[in-house]
Amino acid sequence: MTAHTIAETEALPDAAPRVDSEVGPLRTVLLHRPGNELKRLTPRNNDQLLFDGVPWVGRAQEEHDAFAATLTSRGVEVLLLADVLVQALEDNRARIAGIHSAVNERRLGIDLADALRSHLTSLEAPQLAQVLMTGMTFEELPAAEGASLVRKMHLPIDFAVDPLPNLLFTRDSSVWVGDRVAITSLALPARDRETTLTDLIYAYHPRFRRTGRAYGAHSAPLEGGDVLLLAPGVIAIGVGERTTPAGAESFARSALADGLAHTVLAVPIEQERATMHLDTVCTMVDRDAVVMYPAIRHTLTAYPLRADGNGGVRVDGPVPFLEAAAEAMGIERLRVIDTGLDIVTAEREQWDDGNNTLAVAPGLVVAYERNVETNARLEDQGVEVLRIAGSELGSGRGGPRCMSCPIDRAPLV
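Owing to the predicted nature of the structure, the values given are computational and were not obtained by experimental measurement. (Residues numbered from 1 in each chain as written. Predicted model: local features only at pLDDT ≥ 70, side-chain atom pairs only at ≥ 80, totals over all residues. Heavy atoms only, no water.)

Caption draft 1: View of the packing of aromatic side chains. In this structure the tally under the stated criterion is 3 aromatic pairs. Cluster of aromatic residues (ring-pair linked, three or more members): Trp 176, Tyr 202 and Phe 208. (Phe/Tyr/Trp six-rings, centres within 6.5 Å; stacked < 30°, edge-to-face > 60°.)

Next up, the structure:
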C-alpha cells in the first residue's frame, strides 16, 4: 500500500484544504487502516460495538490496503488516521485531551482512574495512540497499590477503556465544508470518543493549524454519513437513526450564518439499521447524478432551510427531495441511477452498501465489487467504477464513502 508517512506529511505543501462538493476531483482523504481495535470484537460484544459480525481482521486489512492503493493510483493523497494521531499527540495539550477522554472516573473510581492516568501519561505517543484507539481491558491495566473492588468485580476481559472499532468509518466524525472542518456529535455511546480523537488531530496536527471550524456547537447528534455536499452552497442532511432534527438544524444554521451554504435540505430517512445514514440510500456519482435506493426514490422528501435575511432561518416544505435538490443546485433535474435491477436485488445491494460510493472525480467512483447489478447500471450511465473487495470491511455496515473523509477536493469547473 502507498500512503504518506508522518515524515512525508510534514514535507507536503501547506496549502489550505477545501471541499465544496461530493464529486470534485479528490486530492486528499483521511482513512483509518483497521487495527487491533477490531480484534476486540467478539460474539459477546459485537452488537454493542455496532458490528453485524466478527470480521477477519487480516483480510479486512488487506481489503483496506487495496482500497487505499486504488485511491493513490488515481493521484489521491491518503492520510492514515493512526499516523496523524501519533503526530498530534506529540503536543502535550493533545495528550491531556486524549487521556481525559479515555479515563472514565465514574466507571473506574478515583483511585484506579488516577493510576490509569499516571500510566497513560508515561507512554510515548505511538503507545498512547494505540490505547486511545484499541482500548484497554482490566487485565491490561497497570499494577496499582492496594486492593481494588473495581478490579475484583470486573472480569479480566472487561474494558476499562473502550475500543473504537468504528474508527474505520472516518466519514462520520468530521465533515469538511468549504475551507472549514466540522467536528460532529456521534449519536451512540460506542462512538463517543471518536470525535475527541478527530478534534485533537485537527487542533494539534501541524498540517491543520490554520484550519477554521464550522458548526461550533455540537450538542445535538449529527453524523458525517448524513451530510452530502450536493453542489457548492447546497448541503443535504439526513435525519434519522443517527442525526436528529436538532442536530440538522444546528448544523444548517451554522453553515448558513458562515456563508458556507445558501440552501440546506433536511431529509427524513427511516430510523433503521439498513438506512442509518443518508449515504446508505443515496450518494453523488457525477455533478448531476446520484445512485439511489429505488424503494425511496418517489417518497424521499426534504425541508429546505435558507437564511431569512434577518439573521434567522426560513424553513419550507416538505417537498420532494429530487425536485428540491435540482432547484437548489440550479439544474433542470438530478439524474437517478437505481440500485439493482429488481426489488430483491435492490434490497440486497442496498444492504451491501451499493449506494455508498466514493466519488474520486465526476463520473468516477469507488464501489464494492459485490454489488454487481448496481455497478453495471452505473457503467451503463457513463460512470466509471473502481471495484474493491469488501467482504470483511462491510461487517460494520459501511462502504467506500463511509470509510473516507475527503479533506481536499479540486473545485468543479
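Resuming the write-up.
Caption draft 2: How the structure looks around the pairing of strand β6 (residues 180-183). Across 4 bridges, the pairing between strand β5 (residues 174-177) and β6 is antiparallel. By the bridge assignment, Ser 174 is partnered in β6 with Ile 183. Where β5 hands over to β6, the hairpin turn is made up of 2 residues, of which Gly 178 adopts a positive phi near 65°. Taken together, the 3 bridges between β6 and strand β7 (residues 212-214) define a ladder with parallel strand orientation. Each bridged residue has a counterpart across the sheet, and for Val 181 the counterpart in β7 is Arg 213. In this region the chain leaves β6, passes through helix α9 (residues 194-204) and returns to the parallel neighbour β7; the handedness of that crossover is right-handed. (Pairing = 2+ DSSP bridges. Helix = DSSP H or I, 4+ residues; strand = E, 2+ residues; numbered from the N terminus. Right-handed = clockwise from strand over helix to strand, strands pointing away.)

Caption draft 3: Local environment of unusual backbone geometry. Omega for the bond connecting Gly 317 with Pro 318 falls within 30 degrees of zero, at 10°, which places this linkage in the cis form. With respect to the helices, strands and loops of the structure, Pro 318 is situated in the loop between β14 (313-315) and β15 (319-320).

Caption draft 4: Expanded view of the environment of Asn 166. Among the structural elements, Asn 166 can be located in the loop between β4 (159-161) and β5. When the C-alpha positions of Asn 166 and Glu 37 are compared, they lie 8.7 Å apart, and in sequence the two are 129 residues distant.

Caption draft 5: Up close: the packing of helix α3 (residues 81-88) against helix α7 (residues 125-134). The interhelical angle for the contact between α3 and α7, taken along N-to-C directions, is 125°, at an axis separation of 9 Å. Classified by the angle between their axes, α3 and α7 sit oblique to one another. α7 is crossed by α3, and the crossing has right-handed handedness. Residue-level inspection shows Leu 81, Ala 82, Leu 85 and Val 86 of α3 in contact with α7, the latter providing Ala 125, Pro 126, Ala 129 and Met 133. A breakdown of the residues in the contact of α3 with α7 according to their chemical character gives 8 nonpolar, no polar and no charged. (Axes fitted to C-alpha atoms, helices over the stretch in contact; angles between N-to-C directions. Parallel < 35°, antiparallel > 145°, perpendicular 65-115°, else oblique. Left-handed = near helix turned anticlockwise from the far one by under 90°. Contact = heavy atoms within 4.5 Å. Nonpolar A, V, L, I, M, F, W, Y, C, P; charged D, E, K, R; others polar.)

Caption draft 6: Just the sheet that holds strand β11 (residues 282-286), in detail. With mixed pairing, the 3 strands of this open sheet are ordered in space as β11-β12-β16. The two strands at the open ends of the sheet, each matched to only one other strand, are β11 and β16 (335-338). Strand-to-strand twist across the sheet, computed as the mean angle between neighbouring axes with direction ignored, equals 35°. When β11 meets strand β12 (residues 289-292), the two strands line up antiparallel, connected through 4 bridges. Paired with Met 284 across the strands is Val 290, a residue of β12. Packed onto the sheet, helix α13 (residues 372-380) meets β11, β12 and β16 and runs at close to 150° relative to β16.

Caption draft 7: How the structure looks around the pattern of salt bridges. Considering all chains together, one arrives at 26 salt bridges under this definition. Glu 22 is the salt-bridge partner of Arg 401, the closest N and O atoms lying 2.9 Å from each other. In this pair, Arg 401 is assigned in the loop between β19 (384-388) and β20 (405-409) and Glu 22 in the loop between α1 (6-11) and β1 (26-31), connecting sequence segments 379 residues apart. Across the pair, exposure class does not vary: Arg 401 and Glu 22 are buried alike. For Asp 279, the salt bridge is made with Arg 401, and the minimal N-O distance between the two is 2.7 Å. Taken together, the residues span a long stretch of sequence, with Asp 279 in the loop between β10 (263-268) and β11 and Arg 401 in the loop between β19 and β20 at a distance of 122 residues. An identical accessibility class is assigned to Asp 279 and Arg 401; each is buried. (Salt bridge = Lys/Arg side-chain N within 4 Å of Asp/Glu carboxyl O. Buried < 20%, exposed > 50% of the residue type's maximum accessible area, 1.4 Å probe, protein only.)

Caption draft 8: Quick look at the UniProt feature "active site" (unreviewed entry) in the chain. Look at the UniProt record and you will see "active site" (unreviewed entry) annotated at Cys 402. Mapped onto the fold, Cys 402 is located in the loop between β19 and β20. When near neighbours in sequence (up to four residues on either side) are disregarded, Cys 402 contacts Leu 168, Phe 169, Thr 170, Arg 171, Asp 279 and Asn 356. (UniProt positions renumbered as here; feature names shortened; annotations may be inferred.)

Caption draft 9: Just helix α11 (residues 321-329), in detail. Among the 9 residues of α11, 7 are classified as buried, and the element is accordingly described as predominantly covered. Directly beyond the C-terminal end of α11, a positive phi value near 75° is found at Gly 330.

Caption draft 10: Quick peek at the nonpolar core. Formed by 64 residues in total, the largest nonpolar core has its most connected members in Leu 89, Tyr 202, Ile 235 and Phe 251. Counting residues per element, this core draws most heavily on α7, which supplies 6 residues. Contact partners of Leu 89, with chain neighbours within four places excluded, come to Ala 94, Arg 95, Ala 125, Leu 128, Ala 129, Leu 132 and Leu 200. Core analysis: the next-biggest nonpolar cluster, separate from the first, contains 37 residues, Ala 236, Val 281, Val 291 and Leu 300 among them. (Core = buried A, V, L, I, M, F, W, Y, C linked by side-chain atoms within 4.5 Å.)

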